[in-house]
Amino acid sequence: MRRWLSHNALWLLLPVIMSAIAGAVWTYAMFYVSAMILFLLLPTVVMFVYFNYALTPEAREVISPRQITISAKGLEIIFYDDGQQPAVTAVRHIEADLLTDLEISFGFVTFSTRERYRPVQIPLSSLPDGISVNDLYSLIAGQS
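Residues numbered from 1 in each chain as written. Predicted model: local features only at pLDDT ≥ 70, side-chain atom pairs only at ≥ 80, totals over all residues. Heavy atoms only, no water.

Participant: I would appreciate a short explanation of the overall build of the chain in the present structure.
Facilitator: The helix and strand tally for the chain stands at four helices and six strands. Secondary structure elements in the chain, listed N-terminal to C-terminal, are α-α-α-β-β-β-β-β-β-α. Going through the 144 residues of the chain one by one, you find that 25% of them count as buried. For the chain, the proportion of contacts with a sequence separation of at least 24, taken over those separated by at least 6, is 32%. (Helix = DSSP H or I, 4+ residues; strand = E, 2+ residues; numbered from the N terminus. Buried < 20%, exposed > 50% of the residue type's maximum accessible area, 1.4 Å probe, protein only. Contact = heavy atoms within 4.5 Å.)

Participant: In this structure, what is going on with the sheet that holds strand β5 (residues 108–113)? I would like to understand it.
Facilitator: Hydrogen bonds along the backbone pair up the strands of a sheet, which may run parallel or antiparallel. A sheet is described by the order of its strands in space; here three strands give the open sequence β4-β5-β6, paired in antiparallel fashion. For this open sheet the edge positions go to β4 (99–105) and β6 (120–123), each flanked by a neighbour on one side alone. With strand direction ignored, the average angle separating the axes of adjacent strands in the sheet is 20°. The pairing of β4 with β5 spans six bridges and is antiparallel. (Pairing = 2+ DSSP bridges. Axes fitted to C-alpha atoms, helices over the stretch in contact; angles between N-to-C directions.)

Participant: Before we go on, may I ask you to explain the pairing of β5 in this structure?
Facilitator: Two faces make up the sheet, and in a regular strand the side chains alternate between them. In textbook terms, the turn of a hairpin is the stretch between consecutive antiparallel strands, and for β4 and β5 this stretch comprises two residues, one of which, F106, has a positive phi near 55°. Of the strand pairs in this sheet, β5 and β6 are connected by four bridges, and their pairing is antiparallel. The residue bridging F108 from the neighbouring strand is P123, located in β6.

Participant: Honestly, the nonpolar core in this entry has me stumped. Any pointers?
Facilitator: As a rule of thumb, soluble globular proteins bury nonpolar side chains together. Grouped together as the largest cluster of nonpolar side chains are 16 residues, with contacts concentrated most on I70, L75, I77, F111, I122, L127 and L136. Those elements giving two or more residues to this core turn out to be β1 (66–71), β2 (74–80), β4, β5, β6 and α4 (133–141). Counting residues per element, this core draws most heavily on β2, at three residues. Excluding its chain neighbours within four sequence positions, the residues that come into contact with I70 are L75, L127, I131, L136 and L139. (Core = buried A, V, L, I, M, F, W, Y, C linked by side-chain atoms within 4.5 Å.)

Participant: Explain the sheet that holds β1 here, please?
Facilitator: Strand order in the open sheet formed by three strands is β1-β2-β3, and the pairing between neighbours is antiparallel. Two strands bound the open sheet, and with one partner strand each, they are β1 and β3 (88–95). Direction aside, neighbouring strands of the sheet carry axes that sit 10° apart on average. Looking at chain direction, β2 and β3 are connected through seven bridges and run antiparallel. Within β3, the position partnered with I77 by the bridge is R92.

Participant: Mind showing me how you'd approach the confidence of the model for the chain here?
Facilitator: If pLDDT is low for a region, its predicted coordinates should not be looked at in detail. When pLDDT is averaged along the chain, the result is 76, and 83% of the positions lie at 70 or above. For the chain, per-element mean pLDDT is lowest for helix α3 (residues 57–63), which scores 67, and highest for β4, which scores 83. (pLDDT = per-residue confidence, 0-100.)

What follows is the structure, encoded as structure tokens:
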């Protein structure tokens, strides 16, 4: 979403700027129009962008309960439903050769992949017992 806003910020702010200029040149009522655009229309556009870009399945995966299996072949992430009786909702296989980089911050492990804009983010708390950070780095390096 941040990437989309950075590319389209000028188009979103253009009506506000034009209305403010018109208010300075012709009548002060245009200042009210620019304020209405700024506080009524732009939040609607931003929410539209949020619901279309930020709530993608990849974003949903970050907050779903999961079980992770790490092997020399790569990662296998099994996503569960949030209910009392856990049911498998999705399984995602990520081959080891697709993983390019690893970053650990704020309680998450973020794997960069060869697919553009598709990082894999895993909470440290969901890693299996016995898996250390060195094991994760060896997975990236291609060692077993």
